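Take a look at the letters that make up each chain.
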Amino acid sequence: MNKQVLEKVCELQKAGQKGALVTIIRTWGSTPRKAGSKMVVQPDGAMTGSIGGGCAEAAVRLQALSAMDEGRSFVYKVDMLQSVAADEGMVCGGVMDVFIQMI
Amino acid sequence: MAQFEQLFEATQDHPEVQVLTLVRALPDQVQSVGEMLLLYPDGRSDGCLIDQNFTDEVLRHLQEQVWQGPRLLEFAEGKQQVFWDKWLDRRKAVVLGGGHISQPLVQFLAQLDFDVTVVDDRPDFANEARFPEAQRVVCNSFAQGITDLQSEMNDQTAVVIVTRGHRYDLECLRKILAIPVGYLGMIGSKRRVREIVHLLVEEGFSPALLQKVYAPIGIDLGGAMPAEIALSIAAEIIAVFNQGSLRFLTQTGKAEHHE
């Protein structure tokens with residue numbers, strides 16, 4: 001776990017601001033980063049840390065933003081095998097579960 | 001909801017805290033998703049997952065597990081899932097010597113997310129203008145510098161001995177050998193390294209301890225420029241910390257990317 005990410009989470013909590021902590025909890029096949037990688041997403045879209053970049057990260061960011069409206073923590077599956085991913089040049093060929101956790 | 005603040009405070013005192021987060025639960029337990037349980041090295045725990053029963057079940061299960069990196073633990077046939085993670089101290093590097101290899105080395109290590117401290121006894125070399133990426137630059141004798149830093153060194157620390165001379169390298173090595181660090185490397189030709197090792201064994205240091213020193217330092221990248229040597233040192237440190245195989249991926253048969 002990364003100090004920068006944890007500090008950001010605490011900072012948001014102290015300020016009473018919303019945010020989502022995203023953690024990769026499981027991967028299958030080839031993914032840019034492995035379980036344990038984390039990032040924080042803020043309501044304005046700002047991010048701290050990284051779960052591997054690219055469109056997988058962008059897709060997770062969107063999920064995190066809509067989750068913040070509902071205030072619900074949940075597991076989201078990111079599939080990088082889909083043709084959309086390949087079209088975007090994201091050819092890792094893996095699947096990962098991320099946990100989107102409300103701060 | 002989740003005790004991030006508590007975790008943050010715990011990490012100030014403990015180099016290692018285990019974090020268990022409930023990520024999936026049965027339909028009537030969804031309000032518990034996101035709950036965290038913190039486990040300290042002395043066996044104490046903080047927090048609760050769903051209820052005391054489930055928390056105890058998780059703790060029992062953990063006792064049979066060996067830590068091999070962050071992973072998901074499953075209960076009730078996967079209907080309940082707990083993510084097992086560990087807070088690890090940020091990786092630190094101590095570079096002893098502020099010469100021409102140290103400059104690119106500090107840059108590389110900072111990029112690799114190490115908190116870097118540089119020590120040199122010459123004000124012209126030990127200054128922040130020369131090492132803007134370093135977290136700290138210490139201008140002091142090597143012996144005193146190491147003594148002052150000793151309490152923060154642990155298995156997440158890499159120490160690189162690259163002073164301007166044999167005498168100083170030896171002085172550094174003598175002091176660092178007694179400290180259990182994650183990586184210890186020393187620059188020098190094979191001959192010079194052999195002489196130093198010989199001398200220290202004569203002084204009574206155990207040969208086994210000296211065998212753990214990466215000297216001559218670095219992996220064979222085939223370069224000789226300061227930046228090439230620095231890269232080979234940084235690569236060696238990463239390989240040691242990540243238990244990398246140091247082979248071309250084309251030859252290891254691994255399809256996966258580096259983490």
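Note that this is a predicted model, so its numbers are computed, not measured.

Moving on, we get to the interface of chain B and chain A. Contact residues are listed per partner, giving 31 residues for chain B and 30 residues for chain A. In this assembly, chain B and chain A are joined by 3 salt bridges. One salt bridge in this structure joins K14(A) and E5(B), with 3.9 Å as the shortest N-O distance. Counting across the interface, chain B meets chain A through 3 residue pairs in polar contact (both at pLDDT 80 or more).

The subject of this paragraph is the confidence of the model for chain B. Here chain B averages 91 in pLDDT, while 96% of its residues score no lower than 70. Reported confidence for the predicted complex is 0.88 by ipTM and 0.68 by pTM.

This brings us to unusual backbone geometry. Excluding glycine, residues mostly have negative phi values, and the peptide bonds linking residues are mostly trans. Residues and elements named next belong to chain B. Omega for the bond connecting A215 with P216 falls within 30 degrees of zero, at -5°, which places this linkage in the cis form. Here P216 lies in the loop between α7 (207-211) and α8 (226-242). Backbone geometry at A76 places phi at a positive 50°, although glycine is not the residue there. Within the secondary structure layout, A76 lies in the loop between β4 (71-75) and β5 (80-88). Within the chain, Q243 stands out as a residue other than glycine whose phi angle is a positive 50°. Topologically, Q243 is positioned in the loop between α8 and α9 (249-252). Take Q243: its relative accessible area is 73%, and that puts it in the exposed class.

Residues and elements named next belong to chain A. Locating S37 in the fold gives a position in the loop between β1 (20-28) and β2 (38-41). Of note is the side chain of S37, whose polar atom sits 3.3 Å from the side chain of R33. Within the structure, the side chain of S37 is placed 2.9 Å from the backbone oxygen of K34, a separation counted as a polar contact.

Another point: the packing of aromatic side chains. The final tally for this structure, using the stated rule, is 5 aromatic pairs over all chains. With a centroid separation of 5.7 Å and an interplanar angle of 90°, the aromatic rings of F114(B) and F241(B) are classed as edge-to-face. Of this pair, F114(B) sits in the loop between α3 (102-111) and β7 (115-120) while F241(B) sits in helix α8; the two residues are 127 residues apart in sequence, bridging distant segments of the chain. When its relative accessible area of 3% is taken as the criterion, F114(B) is described as buried. Under the relative-accessibility criterion, F241(B) is labelled buried at 18%. Plain terms: the ring middles of Y183(B) and Y214(B) are 5.0 Å apart, the flat faces sit at 20° to each other, and that makes the pair stacked. Pair noted here: Y183(B) is in strand β10 (residues 183-186) and Y214(B) is in the loop between α7 and α8, with a separation of 31 residues, a long-range link. A residue is classified by how much of its surface remains accessible, and Y214(B), at 33% relative accessible area, is partly exposed. Its guanidinium or amino end placed over the ring of F74(A), R72(A) lies 4.7 Å from that ring's centre, counting from NZ or CZ.

Here we take up the pairing of β10(B). Residues and elements named next belong to chain B. Of the two faces of β10, the one lined by Y183 and G185 and the one lined by L184 and M186 are each fully buried. In this structure, strand β9 (residues 157-161) lies alongside β10, joined through 4 bridges in parallel fashion. Residue pairing across strands places A158 opposite Y183, the latter belonging to β10. In this fold, β9 hands off to helix α5 (residues 166-176), which returns the chain to β10; that crossover is right-handed.

The next subject is helix α4 (residues 142-149) of chain B. Along α4(B), the residues classified as buried are F142(B), G145(B), I146(B) and L149(B). Axial view of α4(B): buried residues confined to an arc of 95°, hence all on one face.

Quick look at the sheet that holds strand β2 (residues 36-39) of chain B now. All names here are of chain B. Taken in spatial order, the 5 strands make up an open sheet running β3-β2-β1-β5-β4, and their pairing is antiparallel. Both edges of this open sheet fall to β3 (45-47) and β4, since each of them pairs with a single strand only. Looking at each pair of strands side by side, their axes are set apart by 25° on average, direction ignored. Alignment of strand β1 (residues 16-24) against β5, held across 8 bridges, turns out to be antiparallel. Paired with R24 across the two strands is Q81, which belongs to β5. Where helix α2 (residues 52-63) meets the sheet, its contacts fall on β1, β2, β3, β4 and β5, and the angle it forms with β4 comes to roughly 125°.

The rules behind the values
- Residues numbered from 1 in each chain as written.
- Chains lettered and ligands numbered in written order.
- Predicted model: local features only at pLDDT ≥ 70, side-chain atom pairs only at ≥ 80, totals over all residues.
- Heavy atoms only, no water.
- Contact = heavy atoms within 4.5 Å.
- Salt bridge = Lys/Arg side-chain N within 4 Å of Asp/Glu carboxyl O.
- Polar contact = N/O pair within 3.5 Å; in protein donor to acceptor, adjacent residues only side chain to side chain.
- pLDDT = per-residue confidence, 0-100.
- Helix = DSSP H or I, 4+ residues; strand = E, 2+ residues; numbered from the N terminus.
- Buried < 20%, exposed > 50% of the residue type's maximum accessible area, 1.4 Å probe, protein only.
- Phe/Tyr/Trp six-rings, centres within 6.5 Å; stacked < 30°, edge-to-face > 60°.
- Lys NZ or Arg CZ within 6 Å of the ring centre and 35° of its normal.
- Pairing = 2+ DSSP bridges.
- Right-handed = clockwise from strand over helix to strand, strands pointing away.
- Arc of directions from axis to C-beta.
- Axes fitted to C-alpha atoms, helices over the stretch in contact; angles between N-to-C directions.

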